[in-house]
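# Chains, contacts and geometry: an overview
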Amino acid sequence: MNQRMPLPNWFLLQAPPNLNIEVQAWRKLAWNRVQLLEKLPNNPSQVVRDFFPSYEEEIDQIYDDFRLGAYLLRLVAATNSRLESWLIEVEGDLFERLYYDRTESPEEKLEIYREVFGEENVLKYEEFKYKMDEENNPHLAELYQQYHTSRSRAKGDFLICVHYTKVPWMVSNRKGYLRKGWVVSNETSFRGVLKKAFERRLEKEITKAQDLLGIREDIDNVVQSLEQDLSKHVQIRSQYSGGDLGGQDLFLHPEVFPPCMLQIYFEIEKTGRLVHVKRLQLGFFLKRLGMSVNDQLHFWYEKSVDNVGQSFSEFQRTSGYQIRHLYGLEGGKKDYNVPQCSTIATGYFCPYTHLAPAILTEFLKNNYYTTKKNLTLGDSQLNSVISISGSNPTQACTQYFRLVYNRTFYRKIVHPLQWTRFAMKIEGLSTPKESENKPTEE
Ligand code: SF4
């Protein structure tokens, strides 16, 4: 049996601290958590430092209060599916950031893996060799050797093993070494699937939270009033200026699209067809650029070859449902956001992860900047991007941004809209608030 250590206090999915709290004070803690979640995308590391100052003596109390607030938000999310999807997404982003910034030792990290995937589904490399009688497996020894002498190894990274049933994406994409029903790989390569698994756990916790409703009138009242305030708040934000970047018909400017979205955009233009996940990815992105649902219906009607011979009204009846669904107007009424790069790398399309090096090189060199007349990039300039593309797509993307715009650029691209924000500023399309040159710890 593994020696279990306590979960870090920031970790959301553990029993909430003492619930003996006056409901209005509890409501205030929930609203503080909303402020944190709302500010997070602007500068995640800075927001974590501001809200959880690690030098404060009361840091454990601060974490407790935020977890208490988070618990009330789960009750609210249990009453409204739109808020539920919003909460799962933003809490997933916060989990990812806290894991990155506030989890230091391999033991602490393993503890989180065990908590999220189940204790029996996670093993240390040495445990795996011993328990599976793999002490003499030369491939494992080679993997260890390769990994520990690799120059591209991220600081603090280490090998772990997760049962294949918990990481099907890694199995189907042949990420890591598959042996006796386990996936062996370095810890950083599991992070995307860890976040997804965390989000699924949170969804279950929200479902469980329903059981606590209808027991105490004062709690039900506060949940109801928070639900009303939060619905207005989240709605107002998503309607603001028609999109996250301030409706300027940005969807007419592919020169500010990040590589992932531009590749998909070119593909639909050229072939008239896209696989489902690519349609979703581009659809979310166009929505966040401010494209209205009506414009998006026309966009897909005009681009897709499957609609040949169909009138627009027929198209609206047949395919319109999926597009309205993107906007939260159908089905579960979830107002989806553009996923973060780590989520895209595991469940959608990121060229750095999904294109073979030769094809990626051609794409980055030629195809991408048909939108930029004077840009010529040679193989030697792109070598540094290609060499890290598989292991560190966001770093590759950041380096590519520097080459394209010939700028010193210290922030790391972790979200497609970040690329667009900075590109807009350089292209003179807007002045975003986020500073492109603020150093980050990533
Ligand atoms: S790293 Fe992110 S922004 Fe860049 S291409 Fe991949 S998914 Fe898109």
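Described below are features of the structure shown in this document. These figures come from a predicted structure and were not determined experimentally.

## A short note on the overall build of the chain
From N to C terminus, the chain includes 21 helices and four strands. Here the chain holds 442 residues, and the buried ones make up 51% of them. Considering only contacts within the chain whose residues lie at least 6 apart along the sequence, 68% involve residues at least 24 apart. Of the accessible surface of the chain, which amounts to about 21400 Å², a share of 49% is contributed by carbon and sulfur atoms.

## Considerations on the nonpolar core
Of all hydrophobic cores here, the largest spans 66 residues; its most connected members are Phe11, Phe52, Phe117 and Phe190. In terms of residue count, the dominant contributor to this core is helix 3 (residues 59-77) (twelve residues). Taken domain by domain, this core gets at least three of its residues from each of domain 1 (23-104 + 194-242) and domain 2 (120-189). With near-sequence residues (within four places) excluded, Phe11 lies in contact with Arg67, Phe95, Ile112, Glu115, Val116 and Phe198.

## Description of the packing of helix 11 (residues 259-271) against helix 12 (residues 276-288)
For the pair helix 11 and helix 12, interaxial distance at closest approach is 10 Å and the crossing angle is 115°. When the axis of helix 11 is compared with that of helix 12, the two are roughly perpendicular. For helix 11 against helix 12, the interelement crossing comes out left-handed. Touching Cys260, Met261, Gln263, Ile264, Tyr265, Glu267 and Ile268 of helix 11 are Lys278, Gln281, Leu282 and Phe285, all from helix 12.

## Focus on helix 5 (residues 106-117)
Two residues of an α-helix separated by three or four positions point the same way, owing to the 3.6 residues in each turn. For helix 5, built from twelve residues, the straight-helix expectation of 16 Å at 1.5 Å per residue is met to within 8% by its first-to-last C-alpha distance of 16 Å. Most of helix 5 sits out of view: nine of its twelve residues are buried. Taken together, the buried positions of helix 5 are occupied by Glu108, Lys109, Leu110, Glu111, Ile112, Tyr113, Arg114, Val116 and Phe117. At the C-terminal side of helix 5, Gly118 shows a positive phi close to 100°.

## Looking at the site of the ligand
Close to the ligand lie Pro258, Pro259, Cys260, Cys341, Ile344, Cys350, Pro351, Tyr352, Pro393, Cys397, Ile413 and Pro416, which account for all nearby residues. At the level of elements, helix 11, helix 16 (341-347), helix 17 (351-354) and helix 20 (393-405) are the ones that each hand at least two residues to the shell around the ligand. Of the residues assigned to the shell around the ligand, the class counts are twelve nonpolar, no polar and no charged.

## Looking at the sheet that holds strand 4 (residues 182-186)
Reading across from one edge, 1-2-4-3 is the order of the four strands in this open sheet, with antiparallel pairing throughout. Across the chains shown, the open sheet's two edge strands, defined by having one partner strand only, are strand 1 (122-124) and strand 3 (177-179). Looking at each pair of strands side by side, their axes are set apart by 25° on average, direction ignored. Relative to strand 4, strand 3 runs antiparallel, the two being bridged by three bridges. Its bridge partner being in strand 4, Tyr177 is matched across the sheet by Val184. In the packing of helix 5 onto the sheet, contacts are made with strand 1 and strand 2 (159-163), and the angle to strand 1 comes to roughly 160°.

## Regarding the environment of Ser342
Structurally, the position occupied by Ser342 is in helix 16. Ser342 gets classed as partly exposed once you look at its relative accessible area, which sits at 22%. In this structure the C-alpha to C-alpha distance between Ser342 and Pro393, which are 51 residues apart in sequence, comes to 8.6 Å. In this view, Ser342 contacts Glu96, Gly192 and Lys195; residues no more than four positions away in its chain are not counted. A polar atom in the side chain of Ser342 sits 2.5 Å from the side chain of Glu96.

Conventions we followed
- Residues numbered from 1 in each chain as written.
- Predicted model: local features only at pLDDT ≥ 70, side-chain atom pairs only at ≥ 80, totals over all residues.
- Heavy atoms only, no water.
- Helix = DSSP H or I, 4+ residues; strand = E, 2+ residues; numbered from the N terminus.
- Buried < 20%, exposed > 50% of the residue type's maximum accessible area, 1.4 Å probe, protein only.
- Contact = heavy atoms within 4.5 Å.
- Areas by Shrake-Rupley, 256 points an atom, 1.4 Å probe, with all protein chains shown as cover.
- Core = buried A, V, L, I, M, F, W, Y, C linked by side-chain atoms within 4.5 Å.
- Domains from an automatic or database assignment.
- Axes fitted to C-alpha atoms, helices over the stretch in contact; angles between N-to-C directions.
- Parallel < 35°, antiparallel > 145°, perpendicular 65-115°, else oblique.
- Left-handed = near helix turned anticlockwise from the far one by under 90°.
- Expected span 1.5 Å × (residues − 1).
- Near = heavy atom within 4 Å.
- Nonpolar A, V, L, I, M, F, W, Y, C, P; charged D, E, K, R; others polar.
- Pairing = 2+ DSSP bridges.
- Polar contact = N/O pair within 3.5 Å; in protein donor to acceptor, adjacent residues only side chain to side chain.

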